[in-house]
Amino acid sequence: THPTLRGTNQGSDIFFQNVERANPLYEEIPELVQATMDEVAKYIGRHYQLFEYHGDPEAENVVIVMGAGATTVLEAMEHLRSKGEKVGALLVHLYRPWSAKHFMEKLPKSVKRLCVLERVKEVTAGGEPMFLDVVSSFNGIAAPMIIGGRFGLGSKDFVPEHALAVYTNLKADTPKQRFTVGIVDDLTHTSLPFWKEPRVDTVAPGTRQCIFWGIGSDGTVGANRSAVRIIGDNSDMIAQAYFAFDAFKSGGVTASHLRFGPESITSQYLVTNADYIACHFAEYVKKFKMLDVIKEGGVFVLNSKWTLEDMETELPGHIKRALVERKVKFYNIDARKICNSIGLGKRINMLMQSIFFKLSGVLPLEQAIKLLKDSIVKEYGKKGQKVVEMNQSVVDIVVEGDVLKEITVPAHWANAKDVEVPSSGNDFVDNILRPLMNQRGDELPVSALQAGGTFPIATTKYAKRAIAATVPRWKSENCTQCNYCSFACPHAVIRPFVLSDTEMEQAPKSFEVRKAKGDYAGLNYRITISPKDCTGCEVCVNVCPDDALEMIDIDSCLNAGEEQNWDFALTLPERGHMTDRGSVKGSQFSKPLLEFSGACEGCGETPYVKTITQLFGERMIIANATGCSSIWGGTAGFNPYAQNFKGHGPAWGNSLFEDNAEYGFGMAVATAARRSRLVSMAQEVVDSKLGDANVQKLLSQWVRDRDIGNKCEKYLDALIEALQAQKSISLIGQIYDNKDVLPNISQWIIGGDGWANDIGYGGLDHVLASGQNLNVLVLDTEMYSNTGGQSSKSSHMGAVGKFALGGKTQNKKALGEMAMSYGNVYVASISHGNMAHMVKAMVEAESYNGPSLLMCYAPCIEHGLRSGMSKMIQEAEAAIDCGYWPLYRFDPRRGEQNENPFQLDSKRLKGEVLDFLKRENRYINLEKNNPKNATAMRDRLNTHIKARFNKYKRMVDSHKALAEAPSGPRVTILYGSETGNSEGLARELGTDFERRDYSVAVQALDDIDPADLPHMGFIVIAISTCGQGVFPRNSQLFWEELSRDHEAGWLKDLKYAVFGLGDSSYYFFCHTAKLIDARIQELGGQRVVPLGIGDDGDEDAFETGFNNWIPSVWSTLGTKTPEAKLFDPVISVTVNPEAHPEEWHWNGSTPVTAKTGAVRQTPADHNRNFVTIEWKSDLPYRIGDSLGLFPENEAAPTRQFLEDYGLKPEELITIENQGTRELPEAIQLQALFQKVLDVFGKPSRRFYQHLAHFALDPTEKARLEGMAQANEEYSQMLLETNHYADVLRMFPSARPPLQYLIEMIPNIKPRYYSISSSPKDTPGEVHSLVLIDTWTTPSGKFRTGLTCTKLEQVTQGTVMDGLIHPTAMEFPEDVCPMVMCGIGSGLAPFVAFCRERSWKRKQGIEVGNMVLCFGNRYEKKEFLMEQELKKYVDEGLLTLFTAFSRDDPKKKVYVQDIVRSDPGLIYKYLVEQKGSMYVCGSREMPGPVQNSLKWCFMQNGMSEADAQAWIVEMFTTGRYNIESW
């Protein structure tokens, strides 16, 4: 109805005039505003004017102020007038446009001095804005003296004493111009001195002032809000409340400042004269000088469990002195104890509120009780009657009981001394952080801070807030070392540490450990807690799958020495580099570079950021959007971002809420430009051959590796050192000056869903579309968590939040789908509800050379989880299961390989959305707030979530439809995987089935609906076993359903095969596979082949068993032999005569030197040769460990092979390796095939398969293809133990190029030999007992093992690469008996046991008895270590039984037979004294020994079932140990 055109494109000809055309309109504004104020006054009863004057009509000194400081100035002004001073105050209500006319009308004519007080700083101006306006108002007329000053910046409290200081300055002979008030400026001296007179109380008479100190989430703030409502609504008193919070989101300090009085309360500042102070958290009295503001005769209530005797030591001197000097009425109550007994736990708010009403007399007690109980019904009614009754009962306890104790303050407290706090050794901590922590930041002078607001990192570790009443305790005996607790911990207070035996000697006595597993085998493992940094959230306890954590009282924890344990653990070397940190478990061995943040207890955001710092933190730059992550991550002084032992860590910067994406984009572009220039300079150094060969080699490597993860990290120190040594060369010096960008900088942009979906989305979209290599992490709480839970575009329909109290009416913004539409953005929807998926996506995203977007589901305290934030991980799992938060990844790299870039990792819905919504108050409250539409909104949300899931499934299925689908039979390959081995095997098996024309689906067991099993036709299951027989997490639901009752023959139409992965050193070896295999058969399933078993203890780990099992699958199925397909090489080889090879040593190995030669232990004419060798080495080891030795191929046969193959042994090559295999980067061919490649090792079937591809002769090709299928000729090759060199000679037409040949021949592996020495008995030495393994093939060829050939020739001074392979054996306390059974060289570890205990006895250490059952073939020729063993018998240390099987051909006696020699002794040691059993020998040996052991137990009265149960218990508690081969 008003057609106009606005916002036109104006040229220079009219723009100026158009601007000036508005002048008359602006000039009218003051009068219009005043008229509006007058009109509004009729309705609200408050009259405002553009400028209001208060004070003496003839005032000479007037302060001009606007806004929040006005009432404080008025209070100060009235205080001075009461003392006869002629002062006034002019309040400004309309600032723009500034009306000089109205200003001058209100200013008294008597004024001689004006002070303009402003809450702003114009850094480079001649004065603050209003000061300049006031000065301009006197333009052309005589002006009084005008000064300006600043107050209250950053919401600093402005109290009457500050205002009085302003008036004092104004009347001084030479007032300070552009002053500051409320701070101490000792740098530029702008600050006014504080008011010198006694404390001023300017509030209205009769006003009661109270302060309540609480801890975040204890209910104190909520209770005080309720108190204000109760008093305000039910009395004639005026009520006022201010709430002050520290930087910590939850569990932080809260101070509630309340005022109640009969007259109007104008004091707009915190309480400075308190009638009543309550401290709800006892530790606060040690930190805060809370009684500095208490009035004489005031009331102080302390919640503590201290007696008066305790208080003598617990209360600080300043508290004691104040209690005496101000005649304070002091009360104490153990509120937590009372609330615990009722069931309220830490929610002490109602109890403390009841005490306030009882002591304060603000309301008549009877009325207060009724109102309190009514408020409880209103506040907690929705949580159930039980909660209401518990809260009402504490009111009765306080009112009717004597739980509140008045403390008679001892007179000698008047002279109490403060205990001097020892220096931390860190100036920042002592001079800035501690005052901030103790709520004394207002007292810090200007000079204490840095210009620009920079602060040091890693300061939160000094906070030690000790806010948790209970903290976790590690139960080592239950721990399976999964590290889930550390991964999930929001505050990084619980971590795994590994340490050596030598380091253990320095540990506190309470530092309990377990033997570490996996890559850390040989070290000791411990979960350690920092009790004073813990928030007590219990997330770790609830996420632990093994019941290895329990919550205990923090005092018990501290008394047990856990704080000392933590301090010691932090001194240990960082060992994260020893494992693959790109896994859930491995990531946690890297120090978290985000620790002890100010996040809420149970925060769902911090685990994501903490994890990326563990994966990439030493090379990260973070651009952070304002929000929760800037509060818990960037509060001044409290910096949770840390650094590693090299001083490397994240560089963090916070930007505005709206432009963070651009902020991080600028960083990424700048870094890329710097690195691009660095690449050019490095290439020029290499091309121009500047500097020495080492610099050129390292720079050449860096140019190649610079963008590949942290690949260049391993030689970065060496590169920087080399650059520094030659920086006098100009170009090298320039590179050295830019060494900070030599690492592969990982740029991250972090923010919440409000930033990413709402205000910052435009910039985020621009950045994602740019193609720049950077990573975006969205912490999605689905609301504005930092500001109280406002609805955002990320909120789902029906979610209740601020601005959407009736439930949000739109669906969640599809941020991921919008990003995927670009096609070149890596996108993943992740959750710590699936930790493995989360880490996998993070690693993929960071490795992608382009923009990535990670959307992270973050349960939040604002969600109102019914189960509490302690179940944060379980809540995330529930969100995944029902499809509320789907897991997926979109990787553009897959599209480049003609694979579907979209992967839906949530394979099926396992729960109901509507059930999930009942878990959180943000959805439950919809029924209360919007009952009319609640059901419809929930149904629409349910429909939307399921439709979204189906859409994602179509995105997967549509790509499958486009691909060439095999027309053959269908197989579903299912896996249960915890570490990824079973999943990897399943996917490889899927590829093998596809090559045989099968239609294949590969899924986790929990991703299928078990109800579909009868119709699936054919399944293959690969599953691992966790801990003591536990199913992997992604298979537990499947097993639960499979274990239910089903009708007979339920699976009669299902064909199946099962392969189990495990470690035979555990009693529950492949337990889950055995259970599934048996259960499916029990339900009628048709077993295709017997259960397959893969053992980690085999030479090729589980692949050994798999390669033996899978041929039977193909044979039974009658599948076709797939067409040979040549692998794609991941290395490239170049002949480079100018290469700079280094002497080759295996990663992780250390040279060991033979102290003696190989000393034969059997007669020279005997056909078996056992030798002992003593090595000089400082390698740390423990009894039971093995020495791994890397053999070399003999030089002459190696040279002969190379020459026969047509290669030049002396030729230098360089190898560019894009894979993970360990290979040298530059080496001579002779050295490569002699020291690295196992060319004289046993070929695998895969080798024959690949070699067939290169065979030119049809006959040779056919033979090779047959052997690849494990035919008879292949079996003959195994019997003849033909090696790679033999095979290549036998098939001369097959000549793979060098590049392929290197990939086809595996690396030489170390051979392991049990150590027979004790590190305590012979420190600096490692002893070996070895059988030189020789054999004759069916064709008569004499063979010797590769390492045995080397060891038999060892002489004094021989050097070999060696490493320690840790034992899986568990060892008892020294006083516990040991029973040992071993054959042949299996004696070695038992000799070590004897040597260790013999040494300990000589040191006066009590040791237990030992039994050794030793067996070999011939007593006279093979009684190994005979004299030494008999010496231990003579010492009374050892009982020895022997069996020599071939001495009497008529009656062969084996070790298992002599175990039965003295069943009473065996029973005594293993049952009555709970000793430990050890078996070391061939794989055939453990079973018979176990049967003999059971027989011994039964001979002493045990039933067969009890004997078996005792053996099982020995296995599960680590008292039955087997090492077999």
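Just above, that's the structure.
I will try to describe carefully the structure that is included in this document. (Residues numbered from 1 in each chain as written. Predicted model: local features only at pLDDT ≥ 70, side-chain atom pairs only at ≥ 80, totals over all residues. Heavy atoms only, no water.)

## Concerning the overall build of the protein chain
Okay, step 1: Check the secondary structure of the protein chain and you find 54 helices and 49 strands.
Okay, step 2: The C-alpha radius of gyration computed for the protein chain amounts to 39 Å, which stays within 12% of the reference 36 Å derived for 1525 residues, consistent with globular compactness.
Okay, step 3: With the C-alpha coordinates aligned to their principal axes, the bounding extent of the protein chain is approximately 125 × 85 × 75 Å.
Okay, step 4: Per-residue burial for the protein chain yields a buried fraction of 53% across its 1525 residues.
Okay, step 5: Sequence separation of at least 24 residues holds for 76% of the intrachain contacts in the protein chain that already meet a minimum separation of 6. (Helix = DSSP H or I, 4+ residues; strand = E, 2+ residues; numbered from the N terminus. Rg over C-alpha atoms; globule rule 2.2 N^0.38 Å. Buried < 20%, exposed > 50% of the residue type's maximum accessible area, 1.4 Å probe, protein only. Contact = heavy atoms within 4.5 Å.)

## Considering the nonpolar core
Okay, step 1: Core analysis: the biggest nonpolar cluster contains 89 residues, and Y608, W755, L777 and L854 have the highest contact counts within it.
Okay, step 2: Setting aside residues no more than four positions away along its own chain, Y608 makes contact with L777, L779, I830, S831, H832, M838, M842, C856, Y857 and A858.
Okay, step 3: Counting residues in hydrophobic clusters, the runner-up holds 45 residues, among them L1223, Y1274, A1285 and I1305. (Core = buried A, V, L, I, M, F, W, Y, C linked by side-chain atoms within 4.5 Å.)

## Focus: the pattern of salt bridges
Okay, step 1: For the coordinates displayed, the defined rule picks out 79 salt bridges.
Okay, step 2: Note that D418 is salt-bridged to R321, the shortest N-O span being 2.9 Å. Here R321 lies in helix α9 (residues 317-325) and D418 lies in the loop between β13 (405-407) and α14 (427-437), a separation of 97 residues in the sequence.
Okay, step 3: Judged by its relative accessible area of 40%, D418 falls in the partly exposed class.
Okay, step 4: Note that R514 is salt-bridged to E1370, the shortest N-O span being 3.9 Å. Here R514, found in strand β16 (residues 514-515), pairs with E1370, found in the loop between β44 (1359-1365) and β45 (1378-1383); they are 856 residues apart in sequence, far enough to count as distant.
Okay, step 5: Several salt bridges share partner residues, and in doing so they unite D780, E782, K812, E920 and R922 into one network. (Salt bridge = Lys/Arg side-chain N within 4 Å of Asp/Glu carboxyl O.)

## Looking at the sheet that holds strand β38 (residues 1212-1217)
Okay, step 1: The sheet built from 3 strands is open, its strands ordered β33-β38-β39 with antiparallel pairing. Where the open sheet ends on each side, the last strands, each with one partner, are β33 (1131-1135) and β39 (1226-1228). Strand after strand, the sheet turns through a mean of 30° between neighbouring axes, direction not considered.
Okay, step 2: As paired strands, β38 and β39 are joined by 3 bridges and run antiparallel to one another. Counterpart to T1214 in the pairing with β39 is A1226.
Okay, step 3: Sheet strands in contact with helix α41 (residues 1229-1236) are β38 and β39, and its direction is about 90° off that of β39. (Pairing = 2+ DSSP bridges. Axes fitted to C-alpha atoms, helices over the stretch in contact; angles between N-to-C directions.)

## Let's talk about the sheet that holds strand β6 (residues 179-180)
Okay, step 1: Pairing is mixed in the open sheet, where 6 strands are placed in the order β1-β3-β2-β4-β5-β6. The sheet is open, and its two edges are formed by β1 (51-55) and β6, each paired on a single side.
Okay, step 2: Bridge count between strand β2 (residues 61-66) and strand β3 (residues 87-92): 6 bridges; the pairing is parallel. Bridging across to β3, V65 finds its partner in L91.
Okay, step 3: Strand contacts of helix α3 (residues 70-81): β1, β2, β3 and β4 (113-118), with the helix running at about 165° to β3, the strand carrying the most contacts.
Okay, step 4: Where helix α6 (residues 160-170) meets the sheet, its contacts fall on β2, β3, β4, β5 (145-150) and β6, and the angle it forms with β2 comes to roughly 135°.

## Observations regarding a positive patch on the surface
Okay, step 1: A cluster of like positive charges, contributed by R347, K382, K383, R866 and K928, occupies part of the molecular surface.
Okay, step 2: Looking at the element boundaries, K383 is found in the loop between α12 (365-380) and α13 (385-400). (Patch = residues over 30% accessible without salt bridge, like charges linked within 9 Å, V, L, I, M, F, W, Y side chains within 5 Å. Areas by Shrake-Rupley, 256 points an atom, 1.4 Å probe, with all protein chains shown as cover. Lys, Arg positive; Asp, Glu negative; His and termini not counted. Charge placed at Lys NZ, Arg CZ, Asp CG, Glu CD.)

## Here we look at helix α52 (residues 1463-1472)
Okay, step 1: For α52, the tally of buried residues reaches 7 of 10 residues, placing the bulk of the element in the interior.
Okay, step 2: Of the residues making up α52, those classed as buried are P1463, L1465, I1466, Y1467, Y1469, L1470 and V1471.
Okay, step 3: The secondary structure elements touched by the buried residues of α52 are β45, β46 (1410-1416), β47 (1438-1444), β48 (1476-1481), α53 (1486-1499) and α54 (1504-1516).
Okay, step 4: Count one or two residues on from α52 and you reach K1474, which has phi positive near 50°.

## Quick look at the packing of helix α40 (residues 1195-1205) against α41
Okay, step 1: Taken N-terminus to C-terminus, the directions of α40 and α41 make an angle of 125°; their axes are 10 Å apart at the nearest point. If you check the angle between α40 and α41, you find them oblique. Considering the relative orientation of α40 and α41, their crossing is right-handed. Together, A1195, T1198, R1199, F1201 and L1202 of α40 and L1229, Q1230, F1233 and Q1234 of α41 make up the contact between the two elements.
Okay, step 2: Looking at side-chain class alone, the contact of α40 with α41 contains 5 nonpolar, 3 polar and 1 charged residues. (Parallel < 35°, antiparallel > 145°, perpendicular 65-115°, else oblique. Left-handed = near helix turned anticlockwise from the far one by under 90°. Nonpolar A, V, L, I, M, F, W, Y, C, P; charged D, E, K, R; others polar.)

## Re the side chain of S590
Okay, step 1: Its place among the elements puts S590 in the loop between α20 (584-587) and α21 (606-616).
Okay, step 2: Leaving out residues up to four positions away in the same chain, S590 has contacts with G576, R581 and Q614.

## Details of the environment of V62
Okay, step 1: The topology assignment puts V62 in strand β2.
Okay, step 2: V62 sits 24 residues away from K86 along the chain, and the two C-alpha atoms are 8.9 Å apart.
Okay, step 3: Beyond its immediate chain neighbours, meaning those up to four positions away, V62 contacts Y53, G88, A89, L90, L107, V111, R113, L114, C115 and L170.

## Overview of the packing of aromatic side chains
Okay, step 1: For the structure shown, the criterion picks out 58 aromatic pairs.
Okay, step 2: When the centroid spacing of 5.0 Å and the interplanar angle of 75° are considered together, the rings of F281 and Y284 count as edge-to-face.
Okay, step 3: Note on Y884 and Y923: the rings are 6.1 Å apart at their centroids and 85° apart in plane angle, and the pair reads as edge-to-face. Within this pair, whereas Y884 is found in the loop between α31 (872-881) and β25 (888-890), its partner Y923 is found in helix α34 (residues 921-929), the two being separated by 39 residues in sequence.
Okay, step 4: The class of Y884 is buried, set by a relative accessible area of 0%.
Okay, step 5: Among the aromatic residues, those joined into a ring-pair cluster are F51, Y95, W98, F103 and F138.
Okay, step 6: Positioned above the aromatic ring of Y761 is the side chain of K813, whose terminal nitrogen or guanidinium carbon lies 3.5 Å from the ring centre. (Phe/Tyr/Trp six-rings, centres within 6.5 Å; stacked < 30°, edge-to-face > 60°. Lys NZ or Arg CZ within 6 Å of the ring centre and 35° of its normal.)

So far we have only geometry, and geometry alone does not tell us how the molecule works.
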